[in-house]
There are 2 protein chains.
Amino acid sequence: MDYEAHMYYSDQLESLLVEIVDFFEGTPKVPLNVIEGFPGVGVYGLYHSGDVKMYDGHPASRPMYVGKAVPRGWRQAREPDTDDPQLFIRLQEHSRSIEQAQNLQVQDFSCRFVIMVDAAADLIASVENALIRRYLTLWNTVIDGFGNHDPGSGRYDQAPSEWDIVHPGRPWVANLRDTPPDSSIVERKVRTHIAALLD
Amino acid sequence: MDYEAHMYYSDQLESLLVEIVDFFEGTPKVPLNVIEGFPGVGVYGLYHSGDVKMYDGHPASRPMYVGKAVPRGWRQAREPDTDDPQLFIRLQEHSRSIEQAQNLQVQDFSCRFVIMVDAAADLIASVENALIRRYLTLWNTVIDGFGNHDPGSGRYDQAPSEWDIVHPGRPWVANLRDTPPDSSIVERKVRTHIAALLD
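Reference entry: report on the structure contained in this document. On a predicted model such as this, the values are computed, not experimentally measured, just so you know.

1. Quick look at the relation of the copies chain A and chain B
Note on the copies: chain A fits chain B at an RMSD of 0.0 Å, the axial shift is 0.0 Å, and the rotation between them is 180°. Both copies of the chain, as the preceding transformation shows, are related through a two-fold rotation axis. Here 100% of the interface residues in chain A have copies in chain B that are interface residues too; the copies meet face to matching face.

See below:
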């Protein structure tokens, strides 16, 4: 069987993603706790400039976390409503997680975000991936679980995430019954990662 | 606050996705049960040409299901290995699900697939979305659950999916304990969807 006929290459895409990442880097950084409601879907990065021992040496210019907000019904291919304020909603959820964490301060966080308009919304997942791989964001690639939601009763047979162990405070985490990860192992992974970033 | 500075538009993307969907439609259709191992990641569509009462009138030229296979470690931004045979593995899993279904025949299925090479792998999720919305594939948009895996012990407090109710046979589904959906409701949704497609 000849697989050559199934192979798709794209130079155009590489330049398009570079263009969007550049656009992301050119957007204003906004303090996380002053954002007002706005419509739209897209990608965002959260930046931390606070004093948390575990993150000593982590460059404030590099996002800690990159995420996306896609239109509701996206996966089911209902007519996506790109005016849906999903991006704002997601940023608010993150604000709340940070406020609830005992060792983080929401005023130490700011964000960049890009509202992906019309057809560009199709690229949201790809741009999120490109940003994560570009910045190797700690809360995506090393510490797991920041973006988690309360799984709801009937699904509490899980373990607390790494993020919840090093940033305790989200109230629903207390319901989770499985064995939590070891915080000293998580902290060691963070040290190794930051050292590699600075290399 | 001025959100204009955060808004990204792209004409280039629209034309790029159209180009890839056209490429998809130009790839050879391959019987699902004759595919041999090959490396790569990407997107695929499954086509059904059999005689299943519930699907009467569904055009054989339209895929039933669209899916994707991304490189392992994609989300964690480890160095993705695009030679990883994830696309082949995914097609094999689907073959097995179809073989296990009591009312489907694997020889009635064929597939189109596109191996997304190098940078194009970044577009996999977007292309999958574009294909689903283009074809409004039944097993993505109406009948839920074809792509599910055995959730494993400790997570059997779920309900069988709609797909498993109308295509019973996957052995692990017998372990699921929550109330299954009503097959007559699923079948009615299918009829409505096919009627709308033919409109």
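2. Remarks on the packing of aromatic side chains
Tallied over the entire structure, the rule returns 26 aromatic pairs over all chains. Pairing Phe146(B) with Trp163(B) gives two aromatic rings, centres 5.0 Å apart and planes at 50°, and the pair type is tilted. With a gap of 17 residues between them, Phe146(B) in the loop between α4 (138–141) and α5 (162–166) and Trp163(B) in helix α5 connect regions that are remote in the sequence. In this structure Phe146(B) comes out as buried when scored by relative accessible area, which is 1%. Under the relative-accessibility criterion, Trp163(B) is labelled buried at 0%. One aromatic cluster in this structure is built from Tyr44(A), Tyr55(A), Tyr65(A), Phe109(A), Trp139(A), Phe146(A) and Trp163(A).

3. Concerning the pattern of salt bridges
The final tally for this structure, using the stated rule, is 10 salt bridges over all chains. Linking Arg90(A) and Glu93(A) is a salt bridge whose minimum nitrogen-to-oxygen distance equals 2.6 Å. On the criterion of helical spacing, the pair formed by Arg90(A) and Glu93(A) is a turn pair, its members being 3 residues apart in helix α2 (residues 86–100). The class for Glu93(A) is partly exposed, based on a relative accessible area of 25%. Across the pair Glu25(B) and Arg134(B) runs a salt bridge, and its minimum N-O distance is 3.3 Å. In this pair, Glu25(B) is assigned in helix α1 (residues 11–26) and Arg134(B) in helix α3 (residues 124–135), connecting sequence segments 109 residues apart.

4. Let's talk about the packing of helix α1 (residues 11–26) of chain A against α1(B)
When two helices pack together, you describe them by how their axes are tilted relative to each other and by the distance separating the axes. Relative to each other, α1(A) and α1(B) sit at 150°, their axes nearing to 11 Å. As summarised for this structure, α1(A) and α1(B) are arranged roughly antiparallel, according to the angle between their axes. Handedness of the α1(A)/α1(B) crossing: left-handed. Between α1(A), through Gln12(A), Leu13(A), Ser15(A), Leu16(A) and Glu19(A), and α1(B), the contact on the second element is made entirely by Gln12(B), Leu13(B), Ser15(B), Leu16(B) and Glu19(B). Here the contact of α1(A) with α1(B) is built from residues that sort into 4 nonpolar, 4 polar and 2 charged.

5. Things to note about the nonpolar core
One broad trend across soluble globular proteins is that nonpolar side chains are buried collectively. Formed by 44 residues in total, the largest nonpolar core has its most connected members in Met116(A) and Met116(B). For Met116(B), the contacting residues outside a window of four places in its chain are Tyr8(A), Ile20(B), Val41(B), Gly42(B), Val43(B), Ala121(B), Leu123(B), Ile124(B) and Val127(B).

6. What to know about the interface of chain A and chain B
Residue-level contacts link 53 residues of chain A with 53 residues of chain B. Taken over both partners, the interface formed by chain A and chain B buries close to 4,900 Å², and the fraction arising from carbon and sulfur atoms is 58%. Our enumeration of links across chain A and chain B arrives at 0 salt bridges. Counting the contacts that link chain A with chain B gives 13 residue pairs in polar contact (both at pLDDT 80 or more). Those elements giving two or more residues to the side of chain A that touches chain B turn out to be β1 (7–8), α1, β5 (109–116), α3 (124–135) and α4 (138–141) of chain A. Residue contributions to the side of chain A that touches chain B peak at 9 residues, all from α1(A). Within the side of chain A that touches chain B, the residues separate by chemical class into 30 nonpolar, 13 polar and 10 charged.

Cut-offs applied
- Sequence order as written defines the numbering, with residues in each chain counted from 1.
- Chains carry letters from A onward and ligands carry numbers from 1 onward, assigned in written order.
- Local features are withheld for residues below a pLDDT of 70 in this predicted model, meaning they are given only at 70 or higher, and side-chain atom pairs are given and counted only at 80 or more; totals for whole chains, interfaces and linings count all residues.
- To obtain the side-chain values, all non-hydrogen atoms of the structure were used and water was disregarded.
- To line up the copies, we fit them by least squares on C-alpha atoms, keeping just the residues with pLDDT of at least 70 in both.
- In this analysis, two residues are considered to be in contact whenever any of their non-hydrogen atoms come within 4.5 Å of each other.
- Under the pairing criterion, centres of Phe, Tyr and Trp rings, with the six-membered ring standing for Trp, must be within 6.5 Å; the plane angle then separates stacked pairs below 30 degrees from edge-to-face pairs above 60, leaving the rest tilted.
- Only runs of H or I of at least four residues qualify as helices and only runs of E of at least two qualify as strands under DSSP, and these elements are numbered from the N terminus.
- Three exposure classes are used, based on accessible area relative to the maximum for each residue type with a 1.4 Å probe and protein chains only: buried under 20%, partly exposed in between, and exposed over 50%.
- Here, a salt bridge means any Lys or Arg side-chain nitrogen found within 4 Å of an Asp or Glu carboxyl oxygen.
- Note on geometry: axes are lines fitted to C-alpha atoms, helical ones only across the stretch in contact, with angles between N-to-C directions running from 0 to 180 degrees.
- Any angle that falls under 35 degrees is termed roughly parallel, while one over 145 is termed roughly antiparallel, one within 65 to 115 roughly perpendicular, and all others oblique.
- Crossings are assigned a handedness: left-handed for a near helix turned anticlockwise from the far helix by less than a right angle, right-handed for a clockwise turn.
- Nonpolar residues are Ala, Val, Leu, Ile, Met, Phe, Trp, Tyr, Cys and Pro. Charged residues are Asp, Glu, Lys and Arg, and all others, Gly as well, are polar.
- Throughout, nonpolar core names a set of buried Ala, Val, Leu, Ile, Met, Phe, Trp, Tyr and Cys residues whose side chains join them through atoms within 4.5 Å.
- By definition, the buried area sums, over both parts, the 1.4 Å-probe accessible area that each loses when the two are put together.
- Identification of polar contacts relies on pairs of N or O atoms within 3.5 Å, with a donor-acceptor requirement for protein atoms, meaning one able to donate a hydrogen and the other able to accept it, and with residues adjacent in sequence counted only if both atoms are side-chain atoms.

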